[in-house]
Amino acid sequence: MGHTLAVFTKNRTNPAYAAARLGADRVAAAHGARTLHYVPGKPDDIEEQIALIDTALAAKPDAILLVPVHPTAINGAIRKIVAANVPLIGYLNPYSEPGPICFVGSDDYALGLRIATYLYDHLEGRGDVVIVEGPRESVTSLARLEGFRNAQKNYPQISLVTTICGAYQRDVTLETASALLQSGLHFDAILAANDVMALAAIEALDAVDRRSIVVGVNAVPDAITSIRQGKLLATIDFDAMQIAGVATEAAVRHLRGETVPAEIILPVSLVDRTNYREWDKPFAERALVQWEDAVTR
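A brief structural summary.

Parameters and conventions
Residues numbered from 1 in each chain as written. Predicted model: local features only at pLDDT ≥ 70, side-chain atom pairs only at ≥ 80, totals over all residues. Heavy atoms only, no water. 1 Å grid on protein atoms, 1.4 Å probe; cavity = no way out; pocket = protein on both sides within 12 Å on 5 of 7 lines; lining within 4 Å. Points joined across faces, edges and corners; volume = space filled by probe spheres on them. Helix = DSSP H or I, 4+ residues; strand = E, 2+ residues; numbered from the N terminus. Nonpolar A, V, L, I, M, F, W, Y, C, P; charged D, E, K, R; others polar. Pairing = 2+ DSSP bridges. Axes fitted to C-alpha atoms, helices over the stretch in contact; angles between N-to-C directions. Contact = heavy atoms within 4.5 Å. Buried < 20%, exposed > 50% of the residue type's maximum accessible area, 1.4 Å probe, protein only. Salt bridge = Lys/Arg side-chain N within 4 Å of Asp/Glu carboxyl O.

1. Describing empty space enclosed by the protein
Part 1: Summed over all chains, the structure comprises two cavities of 30 Å³ or more.
Part 2: In this model, the largest cavity occupies a volume close to 110 Å³.
Part 3: If you go around the largest cavity, you meet 13 residues; those closest to its centre are Y17, R144, Y168, N218 and F238.
Part 4: Sorting the residues of the lining of the largest cavity by element identifies α1 (15-30) and α5 (139-152) as the ones contributing at least two each.
Part 5: Classifying every residue of the lining of the largest cavity gives six nonpolar, five polar and two charged.
Part 6: Space inside the second largest cavity adds up to approximately 40 Å³.
Part 7: In terms of lining residues, the second largest cavity is bounded by V132, I164, A177, L180, L181, F187, I190 and A201.
Part 8: At three residues, the largest contribution of residues to the lining of the second largest cavity is made by helix α6 (residues 170-183).
Part 9: Looking at the lining of the second largest cavity, its residues break down into eight nonpolar, no polar and no charged.

2. A closer look at the sheet that holds strand β8 (residues 189-192)
Whether parallel or antiparallel, the strands of a sheet pair through hydrogen bonds between backbone atoms.
Part 1: The strand order across the open sheet formed by four strands is β7-β6-β8-β9, and the pairing between neighbours is parallel. Of all strands in the sheet, those with a lone pairing partner are β7 (158-165) and β9 (213-215), marking the two edges. With strand direction ignored, the average angle separating the axes of adjacent strands in the sheet is 20 degrees.
Part 2: Pairing of β8 with β9, which is carried by three bridges, proceeds in the parallel orientation. In the sheet register, I190 faces β9, and the bridge partner there is V214.

3. Considering the environment of I131
Part 1: Locating I131 in the fold gives a position in strand β6 (residues 127-133).
Part 2: For I131 and L191, which are 60 residues apart along the polypeptide, the C-alpha to C-alpha distance reads 4.8 Å.
Part 3: Beyond its immediate sequence surroundings of up to four residues, I131 is in contact with L145, F148, R149, L160, T162, T163, I164 and L191.

4. Topic: the side chain of E249
Part 1: Mapped onto the fold, E249 is located in helix α9 (residues 240-255).
Part 2: The exposure class of E249 is buried, given its relative accessible area of 11%.
Part 3: In this view, E249 contacts V27, H31 and W291; residues no more than four positions away in its chain are not counted.

5. A word on unusual backbone geometry
Part 1: Notably, N85 is not glycine yet its phi reads approximately 60 degrees, a positive angle.
Part 2: Along the chain, N85 turns up in the loop between α3 (75-83) and β4 (88-91).
Part 3: Notably, E124 is not glycine yet its phi reads approximately 60 degrees, a positive angle.
Part 4: Secondary-structure assignment places E124 in the loop between α4 (108-122) and β6.
Part 5: Residue classification places E124 among the exposed positions, given a relative accessible area of 59%.

6. Things to note about the pattern of salt bridges
Part 1: Counted by the stated rule, this structure contains 14 salt bridges.
Part 2: Residue E133 is joined to R136 by a salt bridge in which the shortest nitrogen-to-oxygen separation is 2.7 Å.
Part 3: The exposure class of R136 is exposed, given its relative accessible area of 55%.
Part 4: For R253, the salt bridge identified is with E249, shortest N-O distance 2.9 Å. In this pair, R253 and E249 are both assigned in helix α9, four residues apart and thus about one turn of the helix distant.

Structure, rendered in structure tokens:
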């Protein structure tokens with residue numbers, strides 16, 4: 001009988017987490033393992049994720065793959081996992097204390113620096129830019145914002161005129177972006193910390209028949225469609241499906257008695273009109289990165 005893996009994601013509203021669940025399912029199936037998914041009904045809810053961890057532990061899975069909904073608030077629950085001797089694999093969001101035997105992710109600061117530099121170059125080093133951030137305590141959003149702001153230091157005529165919070169959610173971003181547009185603030189571009197917020201910002205712009213340059217992060221299929229349509233300028237392939245797939249393989253290999261790296265950082269690519277076709281397909285049709293390639297990069 002194959003191993004049972006408890007897979008935790010933060011919500012069902014962000015397509016990146018749907019992709020993560022798919023990646024875990026695809027790799028688990030390839031290794032004869034099964035996944036049990038634990039997702040808060042309320043997006044990113046701390047208390048619900050803590051309760052779900054208790055539920056998962058009661059089911060005695062062979063391993064747990066966990067994206068914490070908060071950088072510190074569930075640390076007590078993480079310690080419960082460690083105390084129960086259930087192998088823990090972290091992925092996507094870094095942890096604030098020890099726990100995972102392996103962490104799989106990408107360099108959020110570097111990808112923030114890269115997409116921001118791309119945008120500022122596209123603006124020819126001049127213009128007013130609005131940042132759309134994720135949840136204010138999100139470690140991924142904070143690292144990406146640091147990259148956005150540090151990139152701007154090399155462009156003295158680029159002004160980061162304001163930052164609005166979209167919480168990595170479509171509806172929140174629609175509300176905050178619509179309020180920004182009603183304020184009359186002038187801006188030339190929008191730099192969003194994920195694609196969901198970038199696409200919601202485009203939706204808000206379309207609603208008032210206004211155009212702006214917009215970039216995002218994640219390379220979700222809808223973002224690639226938007227690039228093809230000429231609405232989204234670019235995105236970065238911070239690929240939750242690939243990351244979760246590698247994390248799942250790390251769990252399976254550990255359970256087989258193999259040694260796995262303490263950290264696996266996957267590279268990312270910038271996607272724009274010049275190369276989007278490689279990503280222009282549903283997640284289920286995208287190839288998964290091979291383990292050997294992941295651990296040797």
